[in-house]
Each structure stands twice: as structure tokens, then as C-alpha cells.
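# Residue-level structural notes
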Amino acid sequence: MAFATVGGITLHYRVDGPAGAPSAVLLNSLGTDGRIWDGLVDRIAGDCRCLRYDQRGQGLSDSPPGPYRIGDHAGDLAGLLEALDWGPTVLCGLSIGGMIALEAVSRQPALARGLVLADTAAVIGTRAFWTGRMRLAADLGLESIAADVMDRWFGPPFLRDRATDAAGWANLLARAPLEGYLGSCAALRDADLRPSLARVTVPAVCVCGSEDLSTPPAAVRALAGQLVDAAYVELPGAGHLTPVEQPGQFAGILREFMGGRLGG
């Protein structure tokens with residue numbers, strides 16, 4: 001295990017892949033941690049150097065008192081990249097991870113060569129949705145929302161054919177630090193990145209599962225249209241956690257983006 005202190009926050013991180021290979025930073029979604037990328041890293045670590053970390057409030061990183069803001073997460077990312085002398089790189093973010101990548105690049109364009117934005121948008125959900133989610137989680141615990149969240153995380157084929165895996169992901173959510181979960185829910189509740197999208201000029205690809213209920217295809221397609229240089233790719237049958245459900249297809253998208261759009 002490896003740790004770095006950034007702005008007084010201890011962050012847990014992991015590096016896989018050969019030194020000198022093209023690099024990517026993997027930013028996970030709400031209620032998960034860096035393990036969400038295991039299937040993807042297994043497929044790309046032979047020819048890509050991958051950095052993944054647990055965001056504040058998740059995994060083995062610190063869970064300071066909330067509420068958090070997307071800007072807090074973006075500052076953590078920029079500080080970690082500076083501490084590790086990592087970059088410019090490809091930022092690959094899922095859901096809130098995509099928002100963090102967008103915010104970080106809008107502030108510091110030199111951080112990234114390109115963006116892979118999975119199942120994310122400039123605005124995710126409504127204030128009412130996040131306020132209700134936070135109240136329920138705070139009153140009854142994360143286990144109380146797990147069944148609903150699984151229906152949002154995964155498409156019907158995954159829930160039907162991989163029920164045991166879905167149960168394990170529900171355990172991951174239920175055991176997440178509650179303080180950190182609520183802190184990042186607040187960040188999502190308050191975030192509206194639309195005013196800053198024009199400052200994001202690096203090449204991007206926006207990926208979405210066709211069955212995503214949290215950031216539906218129309219929202220992710222709209223994000224691609226709002227960015228200066230972005231393509232849109234849809235993965236049939238997948239829900240919100242596309243790298244978990246279809247890691248092979250996702251790896252192909254990432255490889256094509258890094259080798260084609262970015263030239264290796």
C-alpha cells in the first residue's frame with residue numbers, strides 16, 4: 001500500500017504498469033474506491049502505467065468532515081499528481097470521478113493530455129434527489145439504499161447473470177465510510193460544471209452504458225456536445241459502472257483513445 005499527504009489529507013493510491021508507458025489516472029465513482037478499476041487494470045497494465053487512488057472519504061483515504069465540493073476533490077487530484085510528479089496524463093473518471101477530472105482540467109489545463117469521461121455529466125441528479133439520498137443514508141445507513149443503488153449501478157444483464165457479483169458490490173457500498181459518502185453526495189448536489197466546460201479543450205471521449213439510470217445516455221451525449229473536442233461511445237446493455245460490467249470493451253475504448261486520438 002502507498003499513501004501521500006495532500007493538503008492535510010492522507011490519500012491511498014496504487015500504481016500499476018511499466019515505467020515509461022503512456023499513463024492514465026483512474027478516478028472512481030461515489031460509494032466505491034480504487035478497486036473498481038481492477039478488471040480494467042488487469043487488461044491494460046501491460047502497456048499503460050495506471051495511477052488510481054481512493055478519493056477523500058473513500059477506501060483507505062481520510063474522511064474529513066463534510067460537506068465536500070467538487071473543487072475539494074479536484075484540489076486533491078492536482079496535489080497528488082504534483083506530489084508524484086505525474087503528468088500530463090490521461091484522466092479517466094467515472095461518475096463523480098469524471099466531474100472531478102473536468103473541474104481539475106478547467107482549473108489547470110496542463111494536468112491532462114486527454115479525458116475519458118465515463119457515465120458522467122456537468123450536472124448529475126437534482127438537489128432534491130441528493131438531499132433525499134443523504135437523509136436516508138444518514139438515518140438508516142448505507143445498507144438501506146444498497147438495493148436501489150445496485151439497480152442504478154448495473155444493467156439488467158449484469159443483475160440477472162452475475163447476482164453474486166452484484167451482492168459483493170452492495171457490500172462495498174454498505175461498508176463505505178458514511179461521513180465520506182455524505183460529503184461527496186453534497187459535492188454532487190451542489191455541482192454545476194456547465195459554466196466551466198468551455199475551458200476544457202483537451203481531446204475527450206464520453207462513454208455511457210445504454211441502461212445507465214444515473215447519467216442516462218442523453219445526458220452523457222449532451223456533455224460530449226458541450227465540450228470543444230469530444231466523441232461519444234455507448235456500451236449496449238451496461239448500466240452506470242461501465243468499467244466493471246464491460247472491462248474488456250472499456251479497455252478497448254481507452255486504448256483506442258490513447259493510441260489514436262492522442263497518438264500513443
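Whatever comes next refers back to the structure up there.
Description of the structure in this document. (Residues numbered from 1 in each chain as written. Predicted model: local features only at pLDDT ≥ 70, side-chain atom pairs only at ≥ 80, totals over all residues. Heavy atoms only, no water.)

All told, the structure shown has zero disulfides when counted by the stated rule. The closest cysteine sulfur to the non-disulfide-bonded Cys 185 is located on Cys 208, 20 Å from its own sulfur. Of all cysteine sulfurs in the structure, the one in Cys 208 sits closest to Cys 206, which takes part in no disulfide; the separation is 9.6 Å. (Disulfide = S-S within 2.5 Å.)

Moving on: a nonpolar patch on the surface. Together, Met 1, Phe 3 and Leu 60 make up an exposed nonpolar region whose accessible area comes to about 370 Å². Relative to the helices and strands, Leu 60 is located in the loop between strand S4 (49–53) and helix H2 (70–83). (Patch = residues over 30% accessible without salt bridge, like charges linked within 9 Å, V, L, I, M, F, W, Y side chains within 5 Å. Areas by Shrake-Rupley, 256 points an atom, 1.4 Å probe, with all protein chains shown as cover. Salt bridge = Lys/Arg side-chain N within 4 Å of Asp/Glu carboxyl O. Helix = DSSP H or I, 4+ residues; strand = E, 2+ residues; numbered from the N terminus.)

A word on the nonpolar core. In this structure, Leu 91 and Leu 115 are the most contacted members of the largest nonpolar core, which totals 96 residues. No other element matches the seven residues that helix H3 (residues 96–107) contributes to this core. What Leu 91 contacts, discounting residues up to four positions off in sequence, is Val 25, Leu 27, Leu 77, Leu 81, Ala 101, Val 105, Ala 112, Gly 114, Leu 115 and Val 116. (Core = buried A, V, L, I, M, F, W, Y, C linked by side-chain atoms within 4.5 Å. Buried < 20%, exposed > 50% of the residue type's maximum accessible area, 1.4 Å probe, protein only. Contact = heavy atoms within 4.5 Å.)

With that out of the way, let us pick up the packing of helix H4 (residues 127–140) against helix H8 (residues 178–190). At their nearest, the axes of H4 and H8 sit 9 Å apart, and the two run at 170° to each other. One way to sum up the angle between H4 and H8 is to call them roughly antiparallel. Only Leu 178, Tyr 181, Leu 182, Cys 185, Ala 186, Leu 188, Arg 189 and Asp 190 of H8 make contact with H4, whose side of the interface consists of Arg 127, Trp 130, Thr 131, Arg 133, Met 134, Ala 137 and Ala 138. For the contact of H4 with H8, the class distribution of residues is 10 nonpolar, one polar and four charged. (Axes fitted to C-alpha atoms, helices over the stretch in contact; angles between N-to-C directions. Parallel < 35°, antiparallel > 145°, perpendicular 65-115°, else oblique. Nonpolar A, V, L, I, M, F, W, Y, C, P; charged D, E, K, R; others polar.)

Before going further, it helps to examine the sheet that holds S4. As summarised here, the arrangement of the eight strands in space is S1-S2-S4-S3-S5-S6-S7-S8, forming an open sheet in which the pairing is mixed. A strand with exactly one partner marks an edge of an open sheet, and here the two such strands are strand S1 (2–6) and strand S8 (230–235). Averaged over all pairs of adjacent strands, the angle between their axes in this sheet comes to 25°, without regard to strand direction. The sheet contact formed by strand S3 (residues 23–27) and strand S5 (residues 89–94) spans four bridges and is parallel. Pairing of Ala 24 across the sheet is with Val 90, part of S5. (Pairing = 2+ DSSP bridges.)

In this section: the pattern of salt bridges. All chains considered together, the criterion is met by 15 salt bridges. Asp 148 is paired through a salt bridge with Arg 152; the nearest N and O atoms lie 3.8 Å apart. Taken together, the residues Asp 148 and Arg 152, both in helix H5 (residues 146–153) and four residues apart, mark about one turn of the helix. With relative accessibility at 23%, the residue Arg 152 sits in the partly exposed group. Residues joined in a network through salt bridges with shared partners are Arg 14, Asp 16, Asp 38 and Arg 52.

Quick look at the pairing of strand S2 (residues 9–16) now. Bridge count between S1 and S2: five bridges; the pairing is antiparallel. Paired with Ala 2 across the strands is Tyr 13, a residue of S2. Between S1 and S2, which pair antiparallel in sequence order, lie two residues; one of them, Gly 7, sits at a positive phi of approximately 55°. Examined bridge by bridge, S2 and S4 share four bridges and lie antiparallel to one another. Residue pairing in the sheet places Arg 14 in a bridge with Arg 52 of S4.

This part takes up the environment of Leu 117. Among the secondary structure elements, Leu 117 is positioned in strand S6 (residues 112–118). Judged by its relative accessible area of 0%, Leu 117 is buried. Once the C-alpha coordinates of Leu 117 and Arg 199 are considered, the two residues, 82 residues apart in sequence, prove to be 16 Å apart. Contact partners of Leu 117, with chain neighbours within four places excluded, come to Gly 93, Gly 98, Ala 101, Leu 102, Ala 204, Val 205, Cys 206, Val 207, Leu 223 and Leu 227.

Turning to helix H9 (residues 217–226), its buried residues are Pro 217, Val 220, Leu 223 and Ala 224. Mapping the buried residues of H9 onto a view down its axis gives an arc of 125°, with all of them on the same face. Turned more than 90 degrees from where H9 packs its buried face, Ala 218 and Gly 225 sit exposed. (Arc of directions from axis to C-beta.)

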